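Working through the structure, step by step
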Amino acid sequence: MTVAVMDKVTAFVVRRSSGGPELLLFQHPYAGVQLPAGTVEPGEALEQAARREVAAETGLQRVESC
């Protein structure tokens, strides 16, 4: 039996604020509160997939990785 494996990514987007770090969450219309996440496309690097998902789900285009 062959099992298909799909790579997934989750992005933890944090910004600094005077009250301390803030984690980005968003309200999905059907699935509740979520972090930006999704499926890695064939041939796509993990960081590239995470950036693509962040852009698609939040509109953020310029994010830094750490």
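Reading guide: rules and limits
- Residues numbered from 1 in each chain as written.
- Predicted model: local features only at pLDDT ≥ 70, side-chain atom pairs only at ≥ 80, totals over all residues.
- Heavy atoms only, no water.
- Helix = DSSP H or I, 4+ residues; strand = E, 2+ residues; numbered from the N terminus.
- Rg over C-alpha atoms; globule rule 2.2 N^0.38 Å.
- Contact = heavy atoms within 4.5 Å.
- Areas by Shrake-Rupley, 256 points an atom, 1.4 Å probe, with all protein chains shown as cover.
- Lys, Arg positive; Asp, Glu negative; His and termini not counted.
- Charge placed at Lys NZ, Arg CZ, Asp CG, Glu CD.
- Polar contact = N/O pair within 3.5 Å; in protein donor to acceptor, adjacent residues only side chain to side chain.
- Patch = residues over 30% accessible without salt bridge, like charges linked within 9 Å, V, L, I, M, F, W, Y side chains within 5 Å.
- Salt bridge = Lys/Arg side-chain N within 4 Å of Asp/Glu carboxyl O.
- Buried < 20%, exposed > 50% of the residue type's maximum accessible area, 1.4 Å probe, protein only.

Considerations on the overall build of the chain
When helices and strands are counted, the chain shows 1 helix and 6 strands. For the chain, whose C-alpha radius of gyration is 14 Å, the value lies well above the compact-globule estimate of 11 Å for 66 residues. Across its three principal directions, the C-alpha atoms of the chain cover 55 × 30 × 20 Å. Across the chain, every contact between residues at least 6 apart in sequence was considered, and the portion connecting residues at least 24 apart equals 37%. Put simply, the chain shows about 5,500 Å² of open surface, and 55% of that area lies on carbon and sulfur atoms. Looking at charge distribution, the chain has the averaged site of its 6 positive side-chain charges lying 6 Å from that of its 8 negative ones.

Comments concerning the side chain of Glu-53
Within the secondary structure, Glu-53 sits in helix 1 (residues 46–58). Side-chain polar atoms of Glu-53 contact the side chain of Arg-52, separated by 2.9 Å. Apart from the residues lying within four places of it in its own chain, the contact partners of Glu-53 are Val-9, Pro-36, Ala-37, Gly-38 and Thr-39.

Points about a nonpolar patch on the surface
On the surface, Phe-12, Val-14, Leu-23, Leu-25 and Val-33 cluster together into a nonpolar patch covering about 510 Å² of accessible area. Looking at where Phe-12 falls in the secondary structure, it is placed in the loop between strand 1 (8–10) and strand 2 (14–15).

Some thoughts on the pattern of salt bridges
Using the criterion set out here, one finds 5 salt bridges in the structure. A salt bridge links Arg-52 to Glu-53; the shortest N-O distance between them is 2.9 Å. According to the relative accessible area criterion, Arg-52 is partly exposed, its value standing at 26%. What emerges from the salt-bridge pattern is a single network uniting Glu-41, Glu-44, Arg-52 and Glu-53.

Comments concerning the side chain of Glu-44
Along the chain, Glu-44 falls in the loop between strand 6 (37–39) and helix 1. Separated by 2.8 Å, the side chains of Glu-44 and Arg-52 make a polar contact. Discounting chain neighbours no more than four positions away, the residues touching Glu-44 are Thr-39, Ala-49 and Arg-52.

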